[in-house]
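Listed below are the residues making up each chain.
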Amino acid sequence: MSALFQTSFQIPGTTGKEVQTQYCALCYRIVKDKPQILLITSRGTKRWILPKGWPMKSRTPGQAALREAYEEAGVIGRVSETALGLFPYTKTVERSSDIPCVGIVYPVHVRLLKAEYPEAGERKRKWFSRKKAAKQVAEPELARILKTFDPSKLRN
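Our subject in this report is the structure included herewith. Computed from a prediction, not measured in an experiment: that's the story for all the values here.

Tallied over the entire structure, the rule returns 4 aromatic pairs. Taking 6.1 Å as the distance between ring centres and 75 degrees as the angle between the ring planes, the aromatic pair formed by Tyr23 and Tyr106 counts as edge-to-face. Of this pair, Tyr23 sits in strand β1 (residues 20-31) while Tyr106 sits in strand β7 (residues 99-113); the two residues are 83 residues apart in sequence, bridging distant segments of the chain. By relative accessible area, Tyr23 is classed as buried at 14%. Residue Tyr106 is classed as buried on the basis of its relative accessible area, which comes to 6%.

What follows is the structure, encoded as structure tokens:
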């Protein structure tokens, strides 16, 4: 990972707990020469988030993020294996304590949104401008990534 990323975070209330990694999909499309970002609701709190999940055997981090984008939002698209950044957050797990996590964000250019997908009945999805998407999420570092996202700077 590039030296541009901040790699040490303090996550309030998680002292002494091992930090876990999840791979996140920043799903985007271009409309009238401007990027739009797809956010989904979390299953528990219904707040706006990016699709994300745990590392998967036999998948690269970007491929894992793309798989989560399909399962959680019905996204069919192309992922870049170059991470955009990372952000700390606390994952709430049912019947367990909270888990401190770092989300590593991979851009996914959306080609199609499927009407039927594994978690269709559990989540909402909505397109936002970069600025509005940044205002919807709770994590300040993720908001910065969304606000400054520039698909023209991606390496293909």
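Now that the structure has been shown, we can carry on.
This part covers a positive patch on the surface. Side chains of Lys126, Lys131, Lys132, Lys135 and Lys147 sit close together on the surface and give a patch of like positive charge. The element contributing the most residues to the positive patch is helix α2 (residues 130-136), with 3 residues. On the secondary structure map, Lys131 appears in helix α2.

What follows deals with the pairing of strand β2 (residues 34-41). With 6 of 8 residues buried, β2 lies mostly within the body of the structure. Hairpin connection from β2 to strand β3 (residues 48-49): 6 residues lie between these consecutive antiparallel strands, with Lys46 at a positive phi of about 65 degrees.

A few words now on the environment of Val110. With respect to the element layout, Val110 can be found in strand β7. By relative accessible area, Val110 is classed as buried at 10%. Sequence separation between Val110 and Arg78 is 32 residues; the distance between their C-alpha atoms is 6.7 Å. Excluding residues within four positions of it along the chain, Val110 makes contact with Cys27, Tyr28, Val75, Ile76, Gly77 and Trp127.

Another aspect to go through is unusual backbone geometry. Even without glycine at this site, Lys32 takes up a positive phi of about 50 degrees. Looking at where Lys32 falls in the secondary structure, it is placed in the loop between β1 and β2. Overall, the relative accessible area of 78% leaves Lys32 in the exposed class. One non-glycine residue, Asp33, lies in the positive phi region at around 65 degrees. Summarising the element assignment, Asp33 is placed in the loop between β1 and β2. For Asp33, a relative accessible area of 76% puts it in the exposed group.

So, on to the nonpolar core. Counting residues in each nonpolar core, the largest one holds 21 residues, and the members touching the most others are Leu26, Ile37, Leu39, Leu50, Val105, Leu142 and Leu146. At the level of secondary structure, the elements contributing two or more residues to this core comprise β1, β2, β6 (85-91), β7, α2 and α3 (140-148). In contact with Leu50, other than residues within four places in its own chain, are Cys24, Ala25, Leu26, Leu38, Leu39, Ile40, Glu72, Val105, Leu142 and Leu146. Core analysis: the second largest hydrophobic core is formed by 20 residues, Ala25, Ile40, Ile104 and Tyr106 among them.

For the rest of this paragraph, the subject is the environment of Glu116. Locating Glu116 in the fold gives a position in the loop between β7 and β8 (125-129). Sequence spacing of Glu116 and Ala73 is 43 residues, and the spatial spacing of their C-alpha atoms is 9.2 Å.

Locating Ile99 in the fold gives a position in strand β7. By relative accessible area, Ile99 is classed as partly exposed at 23%.

Cut-offs applied
- Residues numbered from 1 in each chain as written.
- Predicted model: local features only at pLDDT ≥ 70, side-chain atom pairs only at ≥ 80, totals over all residues.
- Heavy atoms only, no water.
- Phe/Tyr/Trp six-rings, centres within 6.5 Å; stacked < 30°, edge-to-face > 60°.
- Helix = DSSP H or I, 4+ residues; strand = E, 2+ residues; numbered from the N terminus.
- Buried < 20%, exposed > 50% of the residue type's maximum accessible area, 1.4 Å probe, protein only.
- Patch = residues over 30% accessible without salt bridge, like charges linked within 9 Å, V, L, I, M, F, W, Y side chains within 5 Å.
- Areas by Shrake-Rupley, 256 points an atom, 1.4 Å probe, with all protein chains shown as cover.
- Salt bridge = Lys/Arg side-chain N within 4 Å of Asp/Glu carboxyl O.
- Lys, Arg positive; Asp, Glu negative; His and termini not counted.
- Charge placed at Lys NZ, Arg CZ, Asp CG, Glu CD.
- Pairing = 2+ DSSP bridges.
- Contact = heavy atoms within 4.5 Å.
- Core = buried A, V, L, I, M, F, W, Y, C linked by side-chain atoms within 4.5 Å.

So yeah, pure geometry; function would need other evidence.
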